[in-house]
Amino acid sequence: MEFALNSFDLSIIVTSLAAVVAVGFWASRRQDKTARGYFLASGRLPWWIIGSAFVSTSVSSEQIVGTVGAAYEHGMAIANWEWCSLPVYTLLMIFFIPVYLKNRVTTVSEFLHRRYGTLCSDFYSFVMLFAYVFIFLVPVLYGGTLAISGLTGWPFHLTLWATVLIVAAYTVKGGLASVMWTDAMQCLMLVGGGVLLFFAALGRVDGGWNAMIAASPDRFHLYRPPGDEAAPFLGLITAMFGVILFYQAGNQVMIQRVLGARSEWDGYMGIIFAGFINFIRPLVTCFIGLIVYHWIHVMNMADPLRDRDLAFPFALRMLAPDWGLRGIVLAGFLAAVMSTLSALSNSTATLFALDVYRKWLRPHADDVQTVRAGRIASLLALVIAALVAPAVAHFGGIFKYFQQGVTYLSTPFLTALFLGILWKRANYQGGLFALFGGTAIQAVIIAGFHLAGVKLHWLYLAFFAQVLTIAGAVIVSLRYPPPPAERWEPFNWSPALLARRADAPPRPWYKSLILWFSIYAAIWFYLYRRYW
């Protein structure tokens, strides 16, 4: 389903890409030439950069195509994946950020090393390095390139390597500072282009939003029963305390944004700001599918789509005006690809340089050597992903299986993190069981349900595995001596952590974290009450 790009569209895309690279180089010149400067932006990131990057990193090209298509097929309930942030962000801000920032950790692996021991941190480092390069980078690069190539008609391999070259140009040189500043810019491009497309498409519907609700009221509810195949609300609740929480609180790609905050206040406020942006995200990644459904199935303006993933290209082709909006939207689409790629390659560099190179290969490496190792790892990650990406077409559903495997693997990691923060009795043996035993539990549960012929949503499978993993880690910890105080005391969570310096030094009332979090929560509850 191709469409033509005029010269104005192309000029918008080229200008946007040039601006992103320019911002990346500008940010790299402003940072300290140290390991902390390269991997954590010298701890100078303001709240609005953190919040914007938190959002843009979590939105990828295949997610846009996939969620628009899923909303076309299943309705508004797909927006739960964008709007379920309040419980997750609340847990992140209450339990994880205070402990991370208090101890000035640079990686999640470092936390596991200091809380439990070497083997626990090594397990995280090597598993996540493999996952970032071969499981996350590859499908994002392949899916993004395929979508862009299909939308524009540009050659696949040319688009693939051009994307890698542009991302590498600022990411490898500039480190986290470049990634974060470009992510903020790309967030603006992504959200701005998507919102413009949404309202342009909505303007083609007689009666607008209310007319769509009146025509298909059953499609405009966030709640779906426990057995729903797309977005069971009960499954989403369990995921908020498992898979989704790990992605936000235990995934190096996401948490690294907070670790570079210039203050605790900026770290917290960045997450709250991300929550406000998430209210707009469904307009970009979801609700366009609702408009396409109404246009086709209610207004009868076109034949039904043979594939739900054609909903996004259909909207660009049929519902976008010719005054440059297609160029704006495609620039935002490219921004989604680039922000995710840059974040993954930068986190790969951080894990490799700090937790493999400096720990195992050159323990006495100075900052220059460590940064060089990180840059090489970042570049290699992108190149390897680009070399492997074309082969995805020959693997069919295997990569989808691998992605779900990483989702299941998040359960052991989250168990170790949560117990390490909330339970001082958790020891090295318990941490090992959470990671290695939890992985085995996941595999047994998946295989058991599959062999038994029982179809159960993967969110429920992950929840069952998490409960068993927590129980097993507790039992194992109790069978061995408690950890020494230096292992648990610095990382033990208490309410006093929230009261200590979140709003210090004193700030004006309009900068109160409680005020902005309350507004964020009020809007969230209103939306769920309105569309329940």
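The shown structure was predicted, so the numbers you read here are calculated from the model rather than taken from an experiment.

(A) Summary view of the overall build of the chain. If you tally the helices and strands in the chain, you get 24 helices and zero strands. Taking 24 Å as the expected radius of gyration for a compact globule of 532 residues, we find that the chain reaches 23 Å, a close match to that expectation. Once the C-alpha set of the chain is aligned to its principal axes, its extents read approximately 70 × 55 × 50 Å. Looking at the 532 residues of the chain, the share that counts as buried comes to 60%. Looking at the chain as shown, the accessible area adds up to about 21,100 Å², and 67% of this sits on carbon and sulfur atoms.

(B) Inspection of the packing of helix 6 (residues 85-103) against helix 24 (residues 513-530) at higher detail. The N-to-C vectors of helix 6 and helix 24 enclose an angle of 155°; their axes lie 10 Å apart at closest approach. For the element pair helix 6 / helix 24, the angle class is roughly antiparallel. The two elements helix 6 and helix 24 meet at a crossing, and its hand is left-handed. Contacts from S85, L86, P87, Y89, T90 and M93 in helix 6 reach F517, Y520, A521, W524 and F525 in helix 24. Looking at the contact of helix 6 with helix 24 residue by residue, the classes come out as nine nonpolar, two polar and no charged.

(C) Structural detail: helix 9 (residues 156-202). Look at helix 9: only 32 Å from first C-alpha to last across 47 residues, short of the 69 Å you get at 1.5 Å a residue. Most of helix 9 is tucked away: 33 of the 47 residues are buried.

(D) Molecular detail of the nonpolar core. Formed by 170 residues in total, the largest nonpolar core has its most connected members in F96, W209, F287, V292 and F312. Examining the composition of this core, we find that 20 residues originate from one element, helix 9, more than from any other. Those residues in contact with F287, other than ones at most four positions away along the chain, are M76, A79, W83, F198, W209 and P282. In this structure, A35, F39, A349 and L354 belong to the second largest nonpolar core, which totals seven residues.

(E) Main features of the environment of F279. With respect to the helices and strands, the residue F279 is situated in helix 14 (residues 264-285). In this structure, the C-alpha to C-alpha distance between F279 and A79, residues 200 residues apart in sequence, is 9.6 Å. Residue contacts for F279: discarding those within four places in its chain leaves W83, Y520, I523, W524 and L527.

(F) Just the side chain of S216, in detail. Mapping S216 onto the fold places it in the loop between helix 10 (208-215) and helix 11 (233-240). Owing to a relative accessible area of 12%, S216 belongs among the buried residues under this scheme. With sequence-adjacent residues up to four places away left out, S216 is seen in contact with Y293 and V298.

(G) Local environment of the environment of L86. Within the secondary structure, L86 sits in helix 6. Judged by its relative accessible area of 6%, L86 falls in the buried class. Spatially, the C-alpha atoms of L86 and W524 are 7.2 Å apart, while their sequence positions differ by 438 residues. Among all residues touching L86, those that are not within four sequence positions of it are F517, Y520, A521, W524 and F525.

Each value, and the rule that gives it
Residues numbered from 1 in each chain as written. Predicted model: local features only at pLDDT ≥ 70, side-chain atom pairs only at ≥ 80, totals over all residues. Heavy atoms only, no water. Helix = DSSP H or I, 4+ residues; strand = E, 2+ residues; numbered from the N terminus. Rg over C-alpha atoms; globule rule 2.2 N^0.38 Å. Buried < 20%, exposed > 50% of the residue type's maximum accessible area, 1.4 Å probe, protein only. Areas by Shrake-Rupley, 256 points an atom, 1.4 Å probe, with all protein chains shown as cover. Axes fitted to C-alpha atoms, helices over the stretch in contact; angles between N-to-C directions. Parallel < 35°, antiparallel > 145°, perpendicular 65-115°, else oblique. Left-handed = near helix turned anticlockwise from the far one by under 90°. Contact = heavy atoms within 4.5 Å. Nonpolar A, V, L, I, M, F, W, Y, C, P; charged D, E, K, R; others polar. Expected span 1.5 Å × (residues − 1). Core = buried A, V, L, I, M, F, W, Y, C linked by side-chain atoms within 4.5 Å.

Nothing here speaks to function; it is all geometry.
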